[in-house]
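Summary of structural features
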Amino acid sequence: SQTIHQWPATLVQPVGSPLSLECTVEGTSNPNLYWYRQAAGRGLQLLFYSVGIGQISSEVPQNLSASRPQDRQFILSSKKLLLSDSGFYLCAWSVIVLTGELFFGEGSRLTVL
Amino acid sequence: KNQVEQSPQSLIILEGKNCTLQCNYTVSPFSNLRWYKQDTGRGPVSLTIMTFSENTKSNGRYTATLDADTKQSSLHITASQLSDSASYICVVSTKRGLTGGGNKLTFGTGTQLKVEL
């Protein structure tokens, strides 16, 4: 069966510090991978998606970046965090890109102080 | 602009009671609609998927309906349990364009359900 893991689960970082959230998927090959952000009272916002190694599509301009160094690994990064980067970040994978069922990780709660 | 609106924003019911959550959308062209359940601090999990030709689909005590003409969906929960306390998110998918790419999923903001003793 397929599983998805993301870490860390919680993170408290000062403004201006770097960020690295990691996500891995097991039990499937060539998954479509996604990073979403969920702010309180708002719907999930797609940040990045990837259909293959090294292929990254950005949906929202911001100071975040994503990388896919391996088939089942997806990393969300920032060189300098802003207060507005605080939120709940979710990694997900799907068989069909952008319109199929999403399988989410457990989420990472980021607080920028 | 593609939008998904859910109501009510929050709901409190007693254990054992039924409830219905609403989802209205303006997404076009429509491909499918999913309901997800998100426990607090966890990732969402898919409950049901509705395609254009489907009116009703059940998953245990969860029953989803779709009216493609009025662009409305509902999620009915029967005999609620404490474990049903969660946020329920409606997600509408558009058909992929010939060129592909782009954001083809529109998320509602969710209905926060609390089931009490």
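Look a little higher up for the structure.
Attention in this report is confined to the structure presented alongside it.

Scoring rules and cut-offs
- Residues numbered from 1 in each chain as written.
- Chains lettered and ligands numbered in written order.
- Predicted model: local features only at pLDDT ≥ 70, side-chain atom pairs only at ≥ 80, totals over all residues.
- Heavy atoms only, no water.
- Helix = DSSP H or I, 4+ residues; strand = E, 2+ residues; numbered from the N terminus.
- Rg over C-alpha atoms; globule rule 2.2 N^0.38 Å.
- Buried < 20%, exposed > 50% of the residue type's maximum accessible area, 1.4 Å probe, protein only.
- Contact = heavy atoms within 4.5 Å.
- Areas by Shrake-Rupley, 256 points an atom, 1.4 Å probe, with all protein chains shown as cover.
- Pairing = 2+ DSSP bridges.
- Axes fitted to C-alpha atoms, helices over the stretch in contact; angles between N-to-C directions.
- Core = buried A, V, L, I, M, F, W, Y, C linked by side-chain atoms within 4.5 Å.
- Disulfide = S-S within 2.5 Å.

1. Comments concerning the overall build of chain B
Counting its secondary structure elements, chain B contains 0 helices and 11 strands. Here the C-alpha radius of gyration of chain B, 14 Å, is about what a compact globule of 117 residues would show, namely 13 Å. Looking at the 117 residues of chain B, the share that counts as buried comes to 44%. Put simply, of all contacts in chain B between residues at least 6 apart along the chain, 57% involve residues at least 24 apart. Of the roughly 5,900 Å² of accessible surface on chain B, a fraction of 49% belongs to carbon and sulfur atoms.

2. A look at the sheet that holds strand β1 (residues 3–7) of chain A
Residues and elements named next belong to chain A. Across the sheet, 4 strands lie side by side as β1-β3-β8-β7; this open sheet has antiparallel pairing. At either margin of the open sheet sits one strand with a lone partner, and together these are β1 and β7 (64–70). Averaged over all pairs of adjacent strands, the angle between strand axes in this sheet comes to 15 degrees, irrespective of strand direction. Note: β1 against strand β3 (residues 19–26), 5 bridges, orientation antiparallel. Bridge pairing links Ile-4 to Val-25 in β3.

3. Some points on the sheet that holds strand β1 (residues 4–7) of chain B
Hydrogen bonds between backbone atoms are what pair the strands of a sheet, whose relative direction is either parallel or antiparallel. Residue and element names in this part refer to chain B. The sheet built from 5 strands is open, its strands ordered β1-β3-β8-β7-β6 with antiparallel pairing. Strand pairing shows two members of the sheet lacking a second neighbour, β1 and β6 (56–59), which therefore form its edges. The average undirected angle you get between the axes of adjacent strands in this sheet is 15 degrees.

4. Here we look at the nonpolar core
Core analysis: the largest hydrophobic core is formed by 24 residues, its most contacted members being Tyr-25, Leu-33, Trp-35, Leu-75, Tyr-88 and Val-92 of chain B. Mapped by element, the contributors of at least two residues to this core are β3 (19–25), β4 (30–38), β5 (45–51), β7 (62–67), β8 (72–77), β9 (86–94) and β11 (111–116) of chain B. Among residues more than four places away in sequence, those in contact with Tyr-88 of chain B are Gln-6, Leu-21, Trp-35, Tyr-36, Lys-37, Leu-47, Tyr-62, Leu-75, Ile-77, Gly-110, Thr-111 and Leu-113 of chain B. Residues Ile-4, Leu-47, Phe-48 and Leu-81 of chain A belong to the second largest nonpolar core, which totals 20 residues.

5. Here's the deal with the environment of Ile-96 of chain A
Residue and element names in this part refer to chain A. Within the secondary structure layout, Ile-96 lies in the loop between β9 (87–94) and β10 (103–104). For Ile-96, a relative accessible area of 49% puts it in the partly exposed group. Distance from Ile-96 to Val-51, taken between C-alpha atoms, is 9.5 Å for residues 45 residues apart in sequence.

6. Considerations on the state of the cysteines
All told, the structure shown has 2 disulfides over all chains when counted by the stated rule. A sulfur-sulfur separation of 2.0 Å characterises the disulfide bridge that pairs Cys-23 of chain A with Cys-91 of chain A. Between Cys-23 of chain A and Cys-91 of chain A the sulfur-sulfur dihedral comes to about -75 degrees; the bridge is accordingly left-handed. Note that Cys-23 of chain A is positioned in strand β3 and Cys-91 of chain A in strand β9, a separation of 68 residues in sequence. A relative accessible area of 0% means that Cys-91 of chain A is categorised as buried. Here Cys-23 of chain B pairs with Cys-90 of chain B through a disulfide, and the sulfurs are 2.0 Å apart. The sign of the S-S torsion, about -65 degrees, decides the handedness of the disulfide formed by Cys-23 of chain B and Cys-90 of chain B: left-handed. Note that Cys-23 of chain B is positioned in strand β3 and Cys-90 of chain B in strand β9, a separation of 67 residues in sequence. Residue Cys-90 of chain B is classed as buried on the basis of its relative accessible area, which comes to 0%.

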